[in-house]
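Structural characterization, general
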Amino acid sequence: MIFIVVKFQVKPEKAEEWPQITKEFTEATRAEPGNKWFDWSRSLDDPNEYVLVEAFDDDAAEAHVKSDHFQKATADGGPMNSALVSTPKIISRQIDGEGWDEMGELQVG
């Protein structure tokens, strides 16, 4: 199983709308084959920061990042990117990604 954890710094004026902005992406990801867990949480320290935790079967994580709904949501001018202050920060013990194309992943036995 692969866990992917990503921090999103959202524009203050979009923070309350974030769950709606990401609704289509969230629903499509939860329906993907190999998806085990997908959930958003809001930072207790910063109300403009959201954290996404995803868990996929090993062979499904790459397909998720290449999926049409992922590409649409994260494209320049896409609904998620237009609401963000900066590039999402991928949290990982192995990779500290700088962008969408660098997926940080943590292998769990």
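Conventions and cut-offs
Residues numbered from 1 in each chain as written. Predicted model: local features only at pLDDT ≥ 70, side-chain atom pairs only at ≥ 80, totals over all residues. Heavy atoms only, no water. pLDDT = per-residue confidence, 0-100. Helix = DSSP H or I, 4+ residues; strand = E, 2+ residues; numbered from the N terminus. Contact = heavy atoms within 4.5 Å. Pairing = 2+ DSSP bridges. Salt bridge = Lys/Arg side-chain N within 4 Å of Asp/Glu carboxyl O. Buried < 20%, exposed > 50% of the residue type's maximum accessible area, 1.4 Å probe, protein only. Phe/Tyr/Trp six-rings, centres within 6.5 Å; stacked < 30°, edge-to-face > 60°. Core = buried A, V, L, I, M, F, W, Y, C linked by side-chain atoms within 4.5 Å.

A short note on the confidence of the model for the protein chain
Predicted confidence across the protein chain gives a mean pLDDT of 80, with 82% of residues reaching 70 or more. When the elements of the protein chain are averaged for pLDDT, strand 5 (residues 106–107) gives the smallest value, 44, and helix 1 (residues 18–21) the largest, 94. Residue range residues 104–109 is modelled with pLDDT below 50. Its contacts to residues more than four positions away, or to other chains, number 19 contacts.

A closer look at the pairing of strand 2 (residues 35–42)
Remark: a regular strand shows side chains that alternate across the two faces of the sheet. Across seven bridges, strand 2 lies against strand 3 (residues 49–56) in antiparallel orientation. The residue of strand 3 that forms the bridge with tryptophan 37 is alanine 55. Hairpin connection, strand 2 to strand 3: the antiparallel pair is bridged by six residues.

Looking at the pattern of salt bridges
For the structure shown, the criterion picks out five salt bridges. Two residues, arginine 30 and aspartate 39, come together in a salt bridge whose shortest N-O distance is 3.6 Å.

Focus: the pairing of strand 1 (residues 2–9)
Burial along strand 1 is one-sided: the residues Ile2, Ile4, Val6 and Phe8 are buried and none of Phe3, Val5, Lys7 and Gln9 is. Taken together, the eight bridges between strand 1 and strand 3 define a ladder with antiparallel strand orientation. Its bridge partner being in strand 3, valine 6 is matched across the sheet by leucine 52.

Observations regarding the packing of aromatic side chains
In the structure shown here, the tally under the stated rule is seven aromatic pairs. A centroid spacing of 6.3 Å and a plane angle of 90° characterise the contact between phenylalanine 38 and tryptophan 40, whose relative ring orientation is edge-to-face. Per residue, the accessibility class of phenylalanine 38 equals that of tryptophan 40, and both read buried. An aromatic cluster is defined as three or more aromatic residues linked by ring pairs; in this entry it consists of Phe8, Trp18, Phe25, Phe38, Trp40, Tyr50 and Phe70.

Some details on the nonpolar core
By size, the foremost hydrophobic cluster in this structure holds 21 residues, and its most contacted members are Phe8, Val10, Trp18, Phe25, Trp40 and Met80. Listed by contribution, the elements that provide at least two residues to this core are strand 1, strand 2, strand 3, helix 3 (61–66) and helix 4 (68–74). Examining the composition of this core, we find that four residues originate from one element, strand 1, more than from any other. Excluding its chain neighbours within four sequence positions, the residues that come into contact with phenylalanine 25 are Phe38, Trp40, Leu52, His64, His69, Phe70, Ala73 and Met80.

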